[in-house]
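# Report on the structure
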There are 4 protein chains.
Amino acid sequence: MTSPDYILTIRCRDTIGIVAAVSTALAASQAFIAESSHFGDPETRLFFMRTVFRPTGEVVRTLEDFRKALAPVARRFGMELALYAADSRTRVLLAVSKHGHCLNHLLHQWHSGELPLDVVGVVSNHEDMRRLVEWYGLPYHYLPMSDGKDRQESRFREAIASSGAELTVLARYMQVLSDEMCRHLEGRCINIHHSFLPSFKGAKPYHQAYARGVKVVGATAHYVTSDLDEGPIIEQETHRVSHAFDADAFVRNGKDMENVVLSRAVRWHAEHRVMLNGSRTVVFQ
Amino acid sequence: MTSPDYILTIRCRDTIGIVAAVSTALAASQAFIAESSHFGDPETRLFFMRTVFRPTGEVVRTLEDFRKALAPVARRFGMELALYAADSRTRVLLAVSKHGHCLNHLLHQWHSGELPLDVVGVVSNHEDMRRLVEWYGLPYHYLPMSDGKDRQESRFREAIASSGAELTVLARYMQVLSDEMCRHLEGRCINIHHSFLPSFKGAKPYHQAYARGVKVVGATAHYVTSDLDEGPIIEQETHRVSHAFDADAFVRNGKDMENVVLSRAVRWHAEHRVMLNGSRTVVFQ
Amino acid sequence: MTSPDYILTIRCRDTIGIVAAVSTALAASQAFIAESSHFGDPETRLFFMRTVFRPTGEVVRTLEDFRKALAPVARRFGMELALYAADSRTRVLLAVSKHGHCLNHLLHQWHSGELPLDVVGVVSNHEDMRRLVEWYGLPYHYLPMSDGKDRQESRFREAIASSGAELTVLARYMQVLSDEMCRHLEGRCINIHHSFLPSFKGAKPYHQAYARGVKVVGATAHYVTSDLDEGPIIEQETHRVSHAFDADAFVRNGKDMENVVLSRAVRWHAEHRVMLNGSRTVVFQ
Amino acid sequence: MTSPDYILTIRCRDTIGIVAAVSTALAASQAFIAESSHFGDPETRLFFMRTVFRPTGEVVRTLEDFRKALAPVARRFGMELALYAADSRTRVLLAVSKHGHCLNHLLHQWHSGELPLDVVGVVSNHEDMRRLVEWYGLPYHYLPMSDGKDRQESRFREAIASSGAELTVLARYMQVLSDEMCRHLEGRCINIHHSFLPSFKGAKPYHQAYARGVKVVGATAHYVTSDLDEGPIIEQETHRVSHAFDADAFVRNGKDMENVVLSRAVRWHAEHRVMLNGSRTVVFQ
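A quick note: this is a predicted structure, and the numbers were derived from the prediction, not measured.

Right, let's talk about the domain arrangement of chain A for a bit. All names here are of chain A. Assigned domains within chain A: domain 1 (6-85) and domain 2 (90-283). Facing 14 residues of domain 1, the contacting portion of domain 2 comprises eight residues. Taking both sides of the interface into account, the surface hidden between domain 1 and domain 2 amounts to around 910 Å²; carbon and sulfur atoms contribute 54%. At the boundary of domain 1 and domain 2, one finds three salt bridges. Note that Arg 280 is salt-bridged to Asp 41, the shortest N-O span being 3.4 Å. Put simply, domain 1 and domain 2 have eight residue pairs in polar contact (both at pLDDT 80 or more) between them. At the level of elements, β1 (6-13), β2 (31-40) and β3 (46-55) are the ones that each hand at least two residues to the side of domain 1 that touches domain 2.

In structure tokens form, the structure reads like this:
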């Protein structure tokens with residue numbers, strides 16, 4: 001019987017001997033390192049590590065075996081340490097309003113096996129996307145704002161809880177979350193903003209970009225925080241525009257970029273490649 | 001004897017018959033159109049045109065001949081109309097402080113015949129770049145800020161006037177121009193800002209970008225106005241960065257982009273490809 | 001009653017007076033030019049023009065009126081001249097094998113009104129995409145290769161003819177078309193090739209790219225000709241890769257780019273922005 | 001007294017325990033790891049590592065101390081292991097023909113302290129760049145081809161040897177090196193090719209690109225091998241072009257890209273970030 005790869009992520013204060021301790025513990029358990037990245041931030045003095053390893057040897061060790069083997073190291077360095085089976089899939093709930101392009105892109109990628117995650121449902125404050133979502137055999141949680149924001153968000157949280165979602169993705173969900181909701185979802189909610197943040201925060205960013213006369217526009221995927229459009233950035237991408245583009249052309253051309261950026265950010269989160277470093281992120285590619 | 005190509009630029013209120021009138025006048029004078037672009041802005045209702053044409057026929061017409069031939073058309077439509085010989089070169093004065101990369105790039109391109117313009121001198125508030133500039137056989141106007149800003153800017157304006165410069169290029173000139181100076185140079189002064197405007201206006205943009213944790217940085221060439229870093233944008237370019245870049249790496253990687261963006265903007269201005277459209281630009285490529 | 005905009009495209013031998021004649025004829029018919037581009041290729045000495053205009057005045061002229069008004073001009077210059085109502089939609093037939101990402105992307109864009117065309121059906125040599133296509137209410141032409149290539153292509157041509165398709169899009173259709181089929185579809189069949197042509201022609205381009213160790217990969221949309229992967233290029237886009245990407249990662253990351261490139265090429269063709277210039281294209285953006 | 005950082009690079013067959021052994025040896029010598037990357041190629045089964053570390057503790061260890069500490073590890077795993085002081089600068093000889101843009105760019109970056117290397121001279125088969133090179137106070141080795149290729153290359157090798165150059169950079173040196181010369185410089189000679197390899201190998205790549213009608217062009221920096229334009233690629237970058245660019249515009253726009261790509265490749269080599277992996281490279285950024 002073959003065992004899956006395991007993914008190890010670590011965050012702790014940076015000091016001498018971390019890599020030695022971790023890699024020695026892994027080698028002692030006959031783990032072959034398939035992929036590994038680390039980064040020490042000289043400013044925050046935090047150390048980040050992501051390692052993909054493979055059990056070898058006659059006795060195939062389990063996740064629990066490795067957890068035990070690493071526990072003394074974690075204690076010694078005060079680590080936030082997480083271990084995942086590489087084939088265990090992050091459970092993801094999507095949220096959308098009326099613009100379905102990101103939703104459609106993520107659902108197709110998930111359905112064709114390109115995204116290593118399980119979509120467990122879709123939340124929306126509109127009915128527009130129900131038919132698409134149900135074609136994919138997914139529950140559609142219609143949560144209209146007419147119920148009042150408090151009540152709507154409370155039902156949103158219930159949808160997250162009952163579906164067991166570990167990550168919520170705002171795939172062009174055009175409602176500002178309350179501070180309470182933001183705190184509740186800290187580090188496990190990704191939003192796509194249709195501008196090259198920090199330019200053009202808030203509403204109608206493409207129209208702002210058009211008015212400013214920029215020659216390049218962008219899209220940004222970031223973790224949601226209670227500071228609107230100020231959360232830690234995971235990924236950005238840009239695209240050239242010209243004077244001949246009106247605001248509608250900005251919008252139209254931007255959609256492809258939003259798809260790409262959000263899809264990358266969600267994939268990287270699901271592969272445990274993204275780690276919070278204060279108001280910034282470390283992304284191990 | 002062969003005649004040079006001519007460049008015609010037009011700006012006027014958009015209406016029916018402009019292209020017909022201009023192209024008919026040109027055809028009547030035996031002008032062969034080598035390149036032509038026009039753009040009507042549906043928002044400002046302004047019309048912009050740039051045409052490169054070539055006199056043909058037995059009698060080779062001069063710039064003055066074409067000016068006369070187009071005068072009735074210009075009057076009829078209330079045009080701002082300009083005519084240039086394509087081989088007449090814009091006279092350019094460069095300004096720099098201590099970071100010489102953009103200066104060095106522009107001087108090399110000019111000297112090797114790649115930029116269709118004449119550099120007529122360099123202004124600086126420091127002495128650092130004198131040796132480089134004098135190697136190119138150009139006058140170096142050392143205008144220290146210690147003389148007081150008013151006096152320094154007055155000498156700057158004298159350098160522009162006496163050199164006959166039609167365009168001033170702030171090639172990493174790290175002084176904020178006074179409102180008066182900005183107005184004096186309106187539409188004929190290009191600055192390179194080392195960020196993807198409107199993000200990170202003001203000082204130390206790469207450090208701001210690092211602190212915000214962006215994944216893409218940029219550079220912006222724009223016309224100088226009295227609103228700091230708010231002038232009409234001519235060109236922008238972006239470049240990926242990662243969590244492993246510190247602020248110094250942002251700065252270092254940004255320089256190549258600044259070179260490219262400023263060089264393009266200056267070339268396009270010198271080729272009469274850039275036209276002001278309110279707070280935005282039309283750039284005919 | 002408002003009239004739609006009209007799109008005029010012209011191709012002819014370049015000479016003096018073309019723009020004058022066309023724009024004078026349009027102005028005489030009270031046409032307001034909303035958008036116009038032309039290009040004279042100094043090498044092939046061909047002239048290309050695309051103009052979007054709007055009838056004005058009390059008597060609203062029809063497409064037929066403009067056709068008549070332009071006929072003498074077309075005759076005089078020996079023009080290939082085409083006129084379209086901007087709101088008439090190109091009929092498009094899609095072809096796919098097993099990789100559905102481009103198909104899904106185009107169908108979503110079409111269905112949500114972002115692509116100015118009518119999808120009239122999908123051809124495939126496999127059954128995999130039937131369910132998706134039928135969800136969109138489109139006919140699915142299952143044309144297996146087991147019938148023999150001749151017979152299969154004959155049925156393919158029938159599907160094109162019976163659906164009235166003006167454009168065929170090979171959206172990851174993994175069969176090489178016969179020379180006869182290529183000639184039959186000349187100038188009206190667009191393929192997406194998953195490499196940055198002319199690099200990595202033929203099969204498994206991402207694997208070729210991985211083996212060569214390139215640092216940037218690309219995708220190319222081109223018109224199909226009987227020279228495999230040698231047809232006139234409409235659009236290309238590139239994407240950075242690193243040593244840490246294996247061939248599968250090349251494939252996965254490439255898909256987003258294929259979506260974007262094919263979607264742009266199809267849109268531009270449908271908007272009559274693409275014109276053939278020998279083995280190259282003119283693309284008016 | 002502060003000690004400089006050290007850079008360690010390793011290449012060996014991949015197996016269990018490499019990172020553990022290396023990092024344990026470093027930790028035992030009180031080395032603080034500032035930056036580290038490793039990569040195991042699942043195809044070639046080779047392991048690559050680059051680590052930047054800093055001696056700490058009361059007894060500051062020297063390069064020689066670390067060499068001794070790591071020797072048993074290197075023996076055990078059969079490693080190619082190299083150790084550098086981070087402030088020791090690679091000695092670089094540049095070669096150029098008549099196009100001076102890359103030369104000028106590298107010299108400026110070196111002179112302003114942006115490139116962590118020592119330029120020790122310039123070789124050229126023409127006299128054109130002598131004045132520029134001598135302004136920088138560097139020896140100019142004029143080696144005309146009229147002496148015969150054998151004799152010219154022999155003098156080229158002497159210039160390398162006598163200057164102590166560790167890296168030779170062909171900065172638009174338009175001569176094909178002999179097989180013998182290529183073998184002599186294997187892994188220590190970088191060339192800039194003005195196309196997006198493997199497209200457009202050989203002469204006049206921009207003209208080839210123009211003729212093919214591509215919409216994106218590129219530049220490639222690679223190690224020189226006896227297979228012309230087939231050496232391991234270090235870096236590539238691309239740039240959009242349009243139908244309105246003639247071959248000269250391809251050339252002109254390409255130069256900025258060549259500067260950027262070659263400068264990055266040379267920097268990364270000098271920082272010991274590039275390692276050969278068969279016909280490909282590993283580049284640790």
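Having seen the structure, we can now continue with the description.
A few words on the interface of chain A and chain B. Contacts between chain A and chain B engage 34 residues on the former and 34 residues on the latter. For the pair chain A and chain B, the number of links is six salt bridges. The residue B:Glu237 makes a salt bridge to A:Arg240 at a minimum N-O spacing of 3.2 Å. Elements supplying a minimum of two residues to the side of chain A that touches chain B: α7 (205-212), β11 (233-240) and β13 (280-283) of chain A. Top contributing element to the side of chain A that touches chain B by residue count: β11(A), with seven residues. When the residues that make up the side of chain A that touches chain B are grouped by side-chain class, the tally is 15 nonpolar, eight polar and 11 charged.

Relative to the elements of secondary structure, C:His108 occurs in helix α3 (residues 101-111). Given a relative accessible area of 9%, C:His108 falls into the buried group. Excluding residues within four positions of it along the chain, C:His108 makes contact with A:Gly100, A:His101, A:Asn104 and C:Tyr136.

Once that is clear, we can look at the packing of helix α3 (residues 101-111) of chain B against helix α8 (residues 247-270) of chain B. All names here are of chain B. At a minimum axis distance of 9 Å, the contact between α3 and α8 shows a crossing angle of 45°. Comparing the axis directions of α3 and α8 gives the class oblique. α8 is crossed by α3, and the crossing has right-handed handedness. Mapping the contact onto sequence places His 101, Cys 102, His 105, Leu 106 and Gln 109 in α3 and Lys 255, Glu 258, Asn 259, Leu 262 and Ser 263 in α8. Of the residues that constitute the contact of α3 with α8, the class distribution is three nonpolar, five polar and two charged.

Our focus in this paragraph is the packing of aromatic side chains. Enumeration according to the criterion identifies 40 aromatic pairs over all chains in this entry. Taking 5.6 Å as the distance between ring centres and 75° as the angle between the ring planes, the aromatic pair formed by A:Phe156 and A:Tyr173 counts as edge-to-face. Of this pair, A:Phe156 sits in helix α5 (residues 149-163) while A:Tyr173 sits in the loop between β8 (167-170) and α6 (179-184), and the two are 17 residues apart along the sequence. In this structure, A:Phe156 and A:Tyr173 share a single accessibility class: buried. Three or more aromatic residues joined by ring pairs make a cluster, and in this case those are A:Trp110, A:Trp135, A:Tyr136, C:Trp110, C:Trp135 and C:Tyr136. Sitting over the face of the ring of B:Tyr210, A:Arg280 holds its NZ or CZ atom 4.3 Å from the ring centroid. The residue whose ring lies beneath D:Arg131 is B:Trp135, and the NZ or CZ to ring-centre distance is 4.2 Å.

Turning our attention to the UniProt feature "active site" (unreviewed entry) in chain A. Following the UniProt record, the feature "active site" (unreviewed entry) maps to A:Asp229 here. In this fold, A:Asp229 is placed in the loop between β10 (216-223) and β11. On the accessibility criterion, A:Asp229 (6% relative accessible area) is buried. Setting aside residues up to four positions removed in sequence, A:Asp229 forms contacts with A:Asn191, A:His193, A:Leu197, A:Lys201, A:Gly202, A:His222 and B:Arg212.

The subject of this paragraph is the pattern of salt bridges. Using the criterion set out here, one finds 88 salt bridges over all chains in the structure. Where salt bridges share partners, they join A:Glu35, A:Arg50, A:Arg267, A:Glu271 and A:Arg273 into one cluster.

Right, let's talk about the relation of the copies chain A and chain B for a bit. Take chain A, turn it by 180°, move it 0.0 Å along the axis, and it overlays chain B with an RMSD of 0.0 Å. On the angle and the small slide along the axis, the relation comes out as a two-fold axis. Among all residues of chain A, the minimum C-alpha distance to the rotation axis is found for A:Ser199, at 2.5 Å. Mapped onto chain B, 100% of the interface residues of chain A again fall at the interface, so both copies present the same surface.

Moving on, we get to the UniProt feature "domain: Formyl transferase N-terminal" (unreviewed entry) in chain A. On the UniProt side, "domain: Formyl transferase N-terminal" (unreviewed entry) is annotated at positions that read residues 91-266 of chain A here. Strand forms 24% of residues 91-266 of chain A and helix 38%; the C-alpha atoms that close the span are 11 Å apart.

Next up on the list: the interface of chain C and chain D. The partner chain D presents 34 residues to the 34 residues of chain C that form the contact. Between chain C and chain D, the buried area comes to about 2,900 Å², and carbon and sulfur atoms account for 50% of it. A per-residue breakdown of the area chain C buries against chain D is headed by C:Arg212, C:Lys215 and C:His243, which together make up 25% of the total. Between chain C and chain D we count 24 residue pairs in polar contact (both at pLDDT 80 or more) in total. Among the elements of the structure, α7 (205-212), β11 (233-240) and β13 (280-283) of chain C are those that each provide at least two residues to the side of chain C that touches chain D. When residues in the side of chain C that touches chain D are grouped by element, the largest group, seven residues, is from β11(C). Among the residues making up the side of chain C that touches chain D, the classes are represented as 15 nonpolar, eight polar and 11 charged.

Calculation criteria
The residue count restarts for each chain, going from 1 along the sequence in the order it is written. To read the labels, note that chains go from A and ligands from 1, taken in the order they are written. Given that this is a predicted model, residues contribute local features only at a pLDDT of at least 70 and side-chain atom pairs are listed and counted only at 80 or more, while totals for whole chains, interfaces and linings are drawn from all residues. Processing note: side-chain calculations cover all non-hydrogen atoms of the structure and skip hydrogens and water entirely. An automatic or database domain assignment provides the domain bounds reported here. Only heavy atoms enter the contact rule, under which two residues are in contact if any of them lie within 4.5 Å. The quantity reported as buried area is the accessible area (1.4 Å probe) lost by two parts once they are put together, taken as the sum for both. Salt bridges are counted wherever a side-chain nitrogen of Lys or Arg sits within 4 Å of a carboxyl oxygen of Asp or Glu. Under this definition, polar contacts are N or O atom pairs within 3.5 Å; protein pairs additionally need one hydrogen-donor-capable and one acceptor-capable atom, and for neighbouring residues in sequence, both atoms have to be side-chain atoms. By definition, any uninterrupted DSSP run of H or I lasting at least four residues is a helix, any uninterrupted run of E lasting at least two residues is a strand, and each is numbered from the N terminus. Classes in brief: Ala, Val, Leu, Ile, Met, Phe, Trp, Tyr, Cys and Pro nonpolar; Asp, Glu, Lys and Arg charged; the others, Gly included, polar. The cut-offs for exposure are 20% and 50% of the maximum accessible area for each residue type, with area from a 1.4 Å probe on protein chains only; residues under the lower value are buried, those over the upper are exposed, and the others partly exposed. A fitted line through C-alpha atoms serves as each axis, taken over the contacting stretch for helices, and the angle formed by two N-to-C directions is quoted from 0 to 180°. Here the angle decides the label: under 35 degrees means roughly parallel, over 145 means roughly antiparallel, 65 to 115 means roughly perpendicular, and every other value means oblique. In this scheme the handedness of a crossing depends on how the near helix is turned from the far one: anticlockwise by less than a right angle means left-handed, clockwise means right-handed. Classification of ring pairs rests on two measures: the distance between centres of Phe, Tyr or Trp rings, Trp counted by its six-membered ring, which must be within 6.5 Å, and the angle between planes, read as stacked under 30 degrees, edge-to-face over 60 and tilted in between. To sit over a ring, a charge needs its Lys NZ or Arg CZ within 6 Å of the ring centre and within 35 degrees of the ring normal. UniProt positions are given in the numbering used here, feature names are shortened, and annotations may be inferred rather than shown by experiment. Our superposition of the copies is a least-squares fit, built on the C-alpha atoms of residues whose pLDDT is at least 70 in both.

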